[in-house]
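# Architecture at a glance
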Amino acid sequence: MLENLKPEKVFRYFEEISAIPHGSGNVGAIADYCVKFAESRGLEAIRDDHDNVIIYADGTEGYENSEPVILQGHLDMVCEKRDSCPKNMETDPITLNTDGEWVWAEDTTLGGDDGIAIAYILAILDSDNIPHPPIEALLTCDEETGMYGAEGLDGALFEGKRLINIDSEEEGFITVSCAGGVRVACEYPLEFTEVAGGFTAVGVSISGFTGGHSGVDINKNRLNAHITLASILNSVSSEVEIFISDIKGGSKTNVIPNSASAIIITEVENRYTAVDAINKAIELWNGEYSAFEPDAKITVFYPDIPKKCLTRACTDKIIFALLQSPNGICSVMKNDPEMVKTSLNMGELTFGNNSLELGYLIRSNSLSGKKLIVEKLCSFIAFLGGKATLDSEYPSWEYREDSPLRDIMVEAFKEMYGKEPVITSIHAGLECGLLSEKIENADMVSIGPDLENVHTPDERMNVASVERTFNYLLSVLKKLV
Ligand SMILES: [Zn+2]
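Residues numbered from 1 in each chain as written. Predicted model: local features only at pLDDT ≥ 70, side-chain atom pairs only at ≥ 80, totals over all residues.

Our focus in this paragraph is the domain arrangement of the protein. Taken domain by domain, the protein holds domain 1 (8–179 + 397–479) and domain 2 (181–394). Across the boundary between the two partners, domain 1 contributes 12 residues, which contact 15 residues of domain 2. Elements supplying a minimum of two residues to the side of domain 1 that touches domain 2: β8 (173–178), β20 (422–426) and α10 (431–438). Classifying every residue of the side of domain 1 that touches domain 2 by side-chain character gives six nonpolar, five polar and one charged. (Domains from an automatic or database assignment. Contact = placed C-beta atoms within 7 Å. Helix = DSSP H or I, 4+ residues; strand = E, 2+ residues; numbered from the N terminus. Nonpolar A, V, L, I, M, F, W, Y, C, P; charged D, E, K, R; others polar.)

Shown next, in the form of structure tokens:
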């Protein structure tokens, strides 16, 4: 299907690996394929217990004694398909298609993320006319589900200290830093009381907020539904006495919550004042934020009267905890104020039998930034009598002031494209974070050709960009004497 596309070898390998199902958790066969590829060319290959594959190649003539370069991509892909697609992506190969300009797969993800890295690396290792220093090719497993390959990797397998990660999705951008993260699970104890006669229930429901990725969308003025809800409850509470009897919101720490709802109890005679206060608060929010949240819907509803509700003191505390909690952008990058450096997202809100549970994801492109915000959040939670537990911590990849590899990448880019590349950071995780812990003092960059709509059946890869990015990579290798 792709035989007429250039670079011919890159697309040939891309087609070969596309014929092997290789979703996350299912990389055994593609790892086998890569090891066989190496063995049949007399290259040393290691496959570790996690199914990471490392292939070693000597430097070409004139580069025999150069410092090795690590070329890295991940073996696994995200398997998504349209509802109408009958394929079993565990066992059936994807069906490639092209119009000469783009490559895509019929009704499934393409796996350009990150199959193009594997295809580039195999094409380089297979050639006899590409000048390069010694190569340590690192093909990691299961990046998409938690970077388990990079996490389990033995750094002692590498001699190289400079690493080119090929898992970025925009030509012309060189990524030089990524965020690390930590999840904070917070529990506030709840105190209940019986609902007496003479009380009634009113509900507020928020839906249709944009939401989005808690890292890359955190600077896009998207409202957190939990905080909007808390603000509305706070305005009601300043008019009449209310008692929360139920409250719920998002279910993923890495997603900005786009809906939330609460049921409150109030005396029957205060009912209209309460509803008025809610409506006024809704008006205020709509006036201020309708431009950012055009599909927002905040409504009042009238549920059955529940048997129990929180005490007044506990109600106040929960409203305060949600309304005043640290959330959103905390700081921006020194070298690029457009880029977020540290942020957090209050993504989960669950009303349990004895406690209110909130789940946060803190992200930062620096270790110190992460530590500071962990301290701030945990002291806030402790002050309100809650309990905070940290888990799923992963390291950031910090910006290096001094990066000879970045300098070479920039020089080669200017020579080839006649302009400066964009040096950028991402406020999300890349394997470079974990790799910077495994390979001490590594000098790293991340690049890649234009890919669109990755992780969806609309994923597509630009053919001309694949070729230019490959040629760029070859010109960089040539400079790594
Ligand atoms: Zn990827």
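More follows now that the structure is in view.
Running from amino to carboxyl end, helix α5 (residues 225–237) crosses helix α7 (residues 312–324) at an angle of 135°, the nearest separation of the two axes being 8 Å. Of the possible angle classes, the one that applies to α5 and α7 is oblique. The two elements α5 and α7 meet at a crossing, and its hand is left-handed. In contact with H226, I227, A230, S231, L233, N234 and S237 of α5, α7 contributes I319, L322 and L323. (Axes fitted to C-alpha atoms, helices over the stretch in contact; angles between N-to-C directions. Parallel < 35°, antiparallel > 145°, perpendicular 65-115°, else oblique. Left-handed = near helix turned anticlockwise from the far one by under 90°.)

Moving on, we come to the sheet that holds strand β14 (residues 297–301). The strand order β12-β13-β11-β14 describes an open sheet built from four strands, whose pairing is antiparallel. Both edges of this open sheet fall to β12 (243–248) and β14, since each of them pairs with a single strand only. Looking at each pair of strands side by side, their axes are set apart by 15° on average, direction ignored. Examined bridge by bridge, β12 and strand β13 (residues 260–267) share five bridges and lie antiparallel to one another. Paired with K248 across the two strands is S261, which belongs to β13. Across the sheet, α5 is in contact with β11 (199–207) and β13; its angle to β13 comes to roughly 15°. Its contacts with the sheet place helix α6 (residues 271–289) against β11, β13 and β14, and it is angled at close to 15° to β11. (Pairing = 2+ DSSP bridges.)

This part takes up unusual backbone geometry. Residue K6 is joined to P7 through a cis peptide bond whose omega torsion reads 0°. With omega at 10°, the peptide bond leading from D113 into D114 counts as cis. By secondary structure assignment, the location of D114 is in helix α3 (residues 112–126). Of note in the backbone geometry, D107 takes a positive phi value of approximately 65° without being a glycine. As for its placement among the helices and strands, D107 is situated in the loop between β5 (102–105) and α3. Judged by the 17 C-beta atoms lying within 10 Å of it, D107 is partly exposed. One non-glycine residue, S392, lies in the positive phi region at around 50°. Checked against the element boundaries, S392 lands in strand β19 (residues 387–394). (Buried ≥ 20, exposed ≤ 12 C-beta atoms within 10 Å, placed from the backbone.)

This paragraph deals with α10. Of all eight residues in α10, six are buried, a share of seventy percent or more. All of the buried residues along α10 are E431, C432, G433, L434, L435 and S436.

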